[in-house]
Every structure is written in structure tokens, then in C-alpha cells.
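Topology and contacts: notes
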Amino acid sequence: MDDCWNCENEARVDDLPVRERVLLTEHWRVAHAFDTAVPGWLVMVPRRHVLALDELPEAALAEMGVLQGRLTAALRLVVGARKTYVMQFSEAPGFAHLHVHLVPRMPDPPDERKGPAVLGWLGVGEDLAVPADVRDALAERLAAALDDAEGNLSGVVGVPEP
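Residues numbered from 1 in each chain as written. Predicted model: local features only at pLDDT ≥ 70, side-chain atom pairs only at ≥ 80, totals over all residues. Heavy atoms only, no water.

1. Thoughts on the sheet that holds strand β4 (residues 83–87)
Strand order in this open sheet of 5 strands is β1-β2-β3-β5-β4, and the pairing throughout is antiparallel. Where the open sheet ends on each side, the last strands, each with one partner, are β1 (23–24) and β4. Pairing geometry for β1 and strand β2 (residues 28–32), over 2 bridges, is antiparallel. Note on β2: the bridge partner recorded for Leu23 is Val30. Along the sheet, helix α2 (residues 58–79) makes contact with β1, β2, β3 (42–46), β4 and β5 (100–105), crossing β5 at roughly 25°. (Pairing = 2+ DSSP bridges. Helix = DSSP H or I, 4+ residues; strand = E, 2+ residues; numbered from the N terminus. Contact = heavy atoms within 4.5 Å. Axes fitted to C-alpha atoms, helices over the stretch in contact; angles between N-to-C directions.)

Written out as C-alpha cells, the structure reads:
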């Protein structure tokens, strides 16, 4: 698709830095968000061009829920998140391709950045954004956490048993 950031990245998925491919499945690519001040802010992107959830195949929808749970457990382990905010808008120019934000909610965020106000930490500019090398390091740690015990993070310190 012309002017679609996510399709352009998918076309060169094997050459992307680790921050753009934290996890690859048949249906999803998980990337660390850019232009955010929040370490561990992830984006789940369908590997085919769709604009809305109802355009996804049933298998991708089913996998989405499982991945959100696994990614939340990995964020708890790697960055200390207490929970994960999940959002989907997909309306910015060049970003109409469906994508789902998973934002780690840390233990004590300032009141002015709780809930939907977490979006104030997106679009922060280069000076405040998590640097690329840090996003790469986090991506590697998250990928390792996801691989642990074939994706089963139960029993890992800091991750509650199901």
C-alpha cells in the first residue's frame, strides 16, 4: 500500500531492526513504538493490510488476545509494568493500517498520565523519546521473555500463575 508505514516495514521485515520485530507470527508483527517516552510501549501490527478489526481473519483475532496476554506478562517481567493499557485508533496520516498499542502502566505514574492521558507520552520528539538502542535492547529482552518456556511465562518471578 502506498504511504503505509506498516506495509513498508512488512515488505522489508527481514531487514528491520529488532525493535521493529519484537515478535513475528503468521498474523502479527510486534514493534516497540517510536516517538514515545515510555520504555516498552509496544504496537501489534497485522502482517497484511487491514483498516479495521472486522477485516482480520478469525485466526488473527483469536491470536490477538493470546498475544496481548503474553506481551503483558513479558512487559511485567521486563519493565515492571503493573498492567497494560490497550488502545487502537489507526487514524493518523500514513498509519491507517490497523495497529494496537500496548502501553505498560508502571506502578506509580503521575496522575496526569494515567488512563487515556498516557497518550501525552506519544509524539514527544527525539529529545524525550526512548532512544533506538534502548528500544533494541528492550526488544531483545522482551523477545527472550516471550521465548521462555515456549511462551509460557507462568512461574517466572514477578509473573503470577494462571
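Picking up after the structure, the text goes on.
2. Some details on unusual backbone geometry
Phi at Asp35 is positive, roughly 55°, even though this residue is not glycine. Inspection of the secondary structure assignment puts Asp35 in the loop between β2 and β3.

3. Re the side chain of Arg105
For Arg105, the position within the fold is in strand β5. Once you skip the residues sitting within four places of it in the chain, Arg105 turns out to touch Ala81, Arg82, Lys83, Thr84, Tyr85 and Lys114.

4. What about helix α3 (residues 132–147)?
End to end, α3 covers 22 Å across 16 residues, agreeing with the expected 22 Å (1.5 Å per residue, within 8%). On its buried face, α3 sits against β1, β2, β3 and α2. (Expected span 1.5 Å × (residues − 1).)

5. A word on the nonpolar core
With 26 residues, the main nonpolar core has Val22, Trp28, Val30, Leu42, Met44, Leu71 and Leu142 as its most contacted residues. Within the residue set of this core, elements represented by two or more residues are β2, β3, α2, β5 and α3. Broken down by element, this core gets its largest block of residues, 8 residues, from α2. Among all residues touching Val30, those that are not within four sequence positions of it are Glu20, Arg21, Val22, Leu23, Leu42, Val43, Met44 and Leu71. By size, the runner-up hydrophobic cluster in this structure holds 9 residues, among which are Ala33, Trp41, Val103 and Val118. (Core = buried A, V, L, I, M, F, W, Y, C linked by side-chain atoms within 4.5 Å. Buried < 20%, exposed > 50% of the residue type's maximum accessible area, 1.4 Å probe, protein only.)

6. Quick look at the confidence of the model for the chain
On average, residues of the chain score 85 in pLDDT, and 85% of them reach the 70 mark or higher. The weakest mean pLDDT in the chain belongs to helix α1 (residues 5–11) at 64; the strongest belongs to β5 at 96. (pLDDT = per-residue confidence, 0-100.)

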